[in-house]
Amino acid sequence: MKLSEIKDLLKCEVLAGADALETDIDTAVASDAMSVVLASPYPRALLITGLTNIQSVRTAQISFISSILYVRGTRPNDTTVQLARDNKMVLLATDTGMFNSCGLLHNRGIKGVI
Amino acid sequence: MTEELLRRTFELRGRDFENAGEKSTEVTSILKELDIDPDVILRVGVVTFEAEMNVVMYADKAILSFILTDDEIAIEVADQGPGIPNIELAMQPGYSTASDEMREMGFGYGMGLPNIKKNSDEFFLESQVGKGTKVYCMIRLNSNG
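Residues numbered from 1 in each chain as written. Chains lettered and ligands numbered in written order. Predicted model: local features only at pLDDT ≥ 70, side-chain atom pairs only at ≥ 80, totals over all residues.

Novice: Explain the interface of chain B and chain A to me, and be specific about the residues and the numbers.
Specialist: In this assembly, 19 residues from chain B lie in contact with 18 residues from chain A. Elements with a minimum of two residues in the side of chain B that touches chain A: helix H1 (22-33), helix H2 (38-58) and helix H5 (112-118) of chain B. The element contributing the most residues to the side of chain B that touches chain A is H2(B), with six residues. For the side of chain B that touches chain A, a count of residues per class yields nine nonpolar, eight polar and two charged. (Contact = placed C-beta atoms within 7 Å. Helix = DSSP H or I, 4+ residues; strand = E, 2+ residues; numbered from the N terminus. Nonpolar A, V, L, I, M, F, W, Y, C, P; charged D, E, K, R; others polar.)

Novice: Before we move on, could you go through the sheet that holds strand S3 (residues 46-49) of chain A and cite the residues and values that matter?
Specialist: Two orientations exist for strands paired in a sheet by backbone hydrogen bonds: parallel and antiparallel. Residues and elements named next belong to chain A. Spatially, S1-S5-S4-S3-S2-S6 is the arrangement adopted by the six strands of the open sheet, whose pairing is mixed. The sheet is open, and its two edges are formed by strand S1 (13-16) and strand S6 (111-112), each paired on a single side. When strand S4 (residues 67-70) meets strand S5 (residues 90-93), the two strands line up parallel, connected through four bridges. Each bridged residue has a counterpart across the sheet, and for Leu 69 the counterpart in S5 is Leu 92. Each of S1 and S5 touches helix H4 (residues 78-86); the most contacted strand, S1, lies at about 70° to it. (Pairing = 2+ DSSP bridges. Axes fitted to C-alpha atoms, helices over the stretch in contact; angles between N-to-C directions.)

Novice: So, the packing of H1(B) against H2(B): which residues are in play, and what are the values?
Specialist: All names here are of chain B. Orientation of H1 relative to H2, taken along the N-to-C sense of each, is 160°, at an axis distance of 8 Å. As the angle between them shows, H1 and H2 are arranged roughly antiparallel. The interaxial crossing formed by H1 with H2 has right-handed handedness. Where H1 approaches H2, its residues Lys 23, Ser 24, Val 27, Thr 28, Leu 31 and Lys 32 are matched on the opposing element by Ile 41, Val 44, Gly 45, Thr 48, Phe 49 and Glu 52. (Parallel < 35°, antiparallel > 145°, perpendicular 65-115°, else oblique. Left-handed = near helix turned anticlockwise from the far one by under 90°.)

Novice: Let's hear about H2(B): which residues, and what values?
Specialist: When the terminal C-alpha atoms of H2(B) are compared, their 30 Å separation across 21 residues agrees well with the 30 Å that a helix rising 1.5 Å per residue should span. H2(B) sits mainly inside the fold: 19 of its 21 residues count as buried. (Expected span 1.5 Å × (residues − 1). Buried ≥ 20, exposed ≤ 12 C-beta atoms within 10 Å, placed from the backbone.)

Novice: Which residues make up the sheet that holds strand S1 (residues 4-13) of chain B, and what values go with them?
Specialist: All names here are of chain B. One open sheet holds the five strands; their spatial order is S1-S2-S3-S5-S4, and the pairing between them is antiparallel. Two strands close off the open sheet at either side, each with one partner strand: S1 and strand S4 (122-128). For this sheet, the mean angle separating the axes of adjacent strands, direction not counted, is 10°. On top of the sheet, H2 reaches S1, strand S2 (61-69), strand S3 (72-80) and strand S5 (132-140); it is set at about 5° to S3, its chief contact.

Novice: Residues and numbers for the pairing of S4(A), please.
Specialist: All names here are of chain A. Side chains of S4 alternate between two faces, with Ser 67 and Leu 69 and Ile 68 and Tyr 70 buried alike. Where S3 and S4 come together, four bridges link them in parallel fashion. Pairing of Leu 47 across the sheet is with Ile 68, part of S4. With respect to chirality, the unit in which S3 leads through helix H3 (residues 54-62) into the neighbouring parallel S4 is right-handed. For the crossover that starts at S4, traverses H4 and ends in the parallel S5, the hand is right-handed. (Right-handed = clockwise from strand over helix to strand, strands pointing away.)

Here is the structure:
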């Protein structure tokens, strides 16, 4: 599934990486706990989280993850968005909650990491 | 005979949530430039990032030492902090003494030390209550743990 399709499905705002929305995603990891992401790192997965601080982007960097979907109306601050831009990441933000976001994406064939 | 190729030392500050993780991304950037296997970089990144977050959450300050040789990467994080009274308990996945504030940062779910151990080929931890904790990890360049 392309990030552009995820953007349309979940009515996302694109916060960073508007030029990389044709990237294909087949796997996702969803958590507000970054240690959970680090416990099963899956390069190129989509990180789905409500955690908006700078550690969300740093965790993605460490895990070779290049796209993050912020759920339930949360938005990272400018410093966090800038760090993502500097690292050529895609940041999407949706008002949809974590459970419904995961359900909708799973329905479209996105698999979980574990 | 093992040849040392690179040695770096970083200072880490306790409670510095804003910059936490910065040194780990610096370490992984160095390894990427040296064309190290991405699987190894991933494991080194998880080890250093989790160790860095432990320092930020619990300690006053620490020194992170990173040594690359031709067959392994050694990471040592020695902190000045409260120490760990029961190491066996601290190593249990899910056990945590973190505050709500720490969990709001996305960490403190009792997975840090188990994650560090899981990604290391050799792992050693020693701690003295009231003084500090030292974590030593070794990751081989030609293995995938």
